[in-house]
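The primary structure of each chain is shown beneath.
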Amino acid sequence: MSKNAKIAVGGVAVGLILLLWLPWWVSFLIVVGVPVAAYLALDPSQRRRLRRATRKELGR
């Protein structure tokens with residue numbers, strides 16, 4: 001199994017545990033909030049490069 005597949009399986013497992021353990025809206029805030037926080041932590045030049053990149057190029 002590839003590294004990305006292991007990360008995806010782990011993320012799904014954590015998401016399911018959070019859905020069972022926390023109210024649904026808290027889980028939703030975590031699922032939406034973590035990527036938003038990561039995006040906002042980037043420099044403006046990194047954000048520009050990320051917006052310019054196609055989805056295919058993101059895996060490089």
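Quick caveat: nothing in here was measured; it's all calculated off a predicted structure. (Residues numbered from 1 in each chain as written. Predicted model: local features only at pLDDT ≥ 70, side-chain atom pairs only at ≥ 80, totals over all residues. Heavy atoms only, no water.)

Even after reading the chapter, I still don't get the overall build of the protein, so can you show me in this structure?
What the protein contains, in helices and strands, is three helices and zero strands. For the protein, the N- to C-terminal ordering of α and β elements is α-α-α. A buried classification covers 3% of the 60 residues belonging to the protein. Entry remark: accessible area of the protein is about 5500 Å², with carbon and sulfur atoms responsible for 69%. (Helix = DSSP H or I, 4+ residues; strand = E, 2+ residues; numbered from the N terminus. Buried < 20%, exposed > 50% of the residue type's maximum accessible area, 1.4 Å probe, protein only. Areas by Shrake-Rupley, 256 points an atom, 1.4 Å probe, with all protein chains shown as cover.)

Can you walk me through a nonpolar patch on the surface in this structure?
A surface patch of nonpolar side chains, about 1200 Å² in accessible area, is lined by Val12, Leu16, Leu19, Trp24, Trp25, Phe28, Leu29, Val31, Val32, Val36 and Leu40. When residues of the nonpolar patch are traced back to their parent elements, those giving at least two are helix H1 (3–21) and helix H2 (24–40). Broken down by element, the nonpolar patch gets its largest block of residues, eight residues, from H2. Here Leu40 shows up in helix H2. (Patch = residues over 30% accessible without salt bridge, like charges linked within 9 Å, V, L, I, M, F, W, Y side chains within 5 Å. Salt bridge = Lys/Arg side-chain N within 4 Å of Asp/Glu carboxyl O.)

What's the story with the packing of aromatic side chains in this structure? I'm lost.
Working definition: an aromatic ring pair is given by the centre-to-centre distance plus the angle between the planes. Throughout the structure, instances matching the rule amount to zero aromatic pairs. Positioned above the aromatic ring of Tyr39 is the side chain of Arg47, whose terminal nitrogen or guanidinium carbon lies 5.5 Å from the ring centre. (Phe/Tyr/Trp six-rings, centres within 6.5 Å; stacked < 30°, edge-to-face > 60°. Lys NZ or Arg CZ within 6 Å of the ring centre and 35° of its normal.)

Which parts of the structure should I look at to understand the environment of Leu42?
Of note, Leu42 is situated in the loop between H2 and helix H3 (44–52). On the basis of relative accessibility, which here comes to 25%, the residue Leu42 falls in the partly exposed class. Not counting residues up to four positions away in its chain, the partners in contact with Leu42 are Arg47 and Leu50. (Contact = heavy atoms within 4.5 Å.)

Would you mind showing me how to read a positive patch on the surface here?
Judged by side-chain charge, Arg48, Arg49, Arg51 and Arg52 come together as a positively charged surface patch. Among the residues examined, Arg49 registers a relative accessible area of 52% and is labelled exposed. (Lys, Arg positive; Asp, Glu negative; His and termini not counted. Charge placed at Lys NZ, Arg CZ, Asp CG, Glu CD.)

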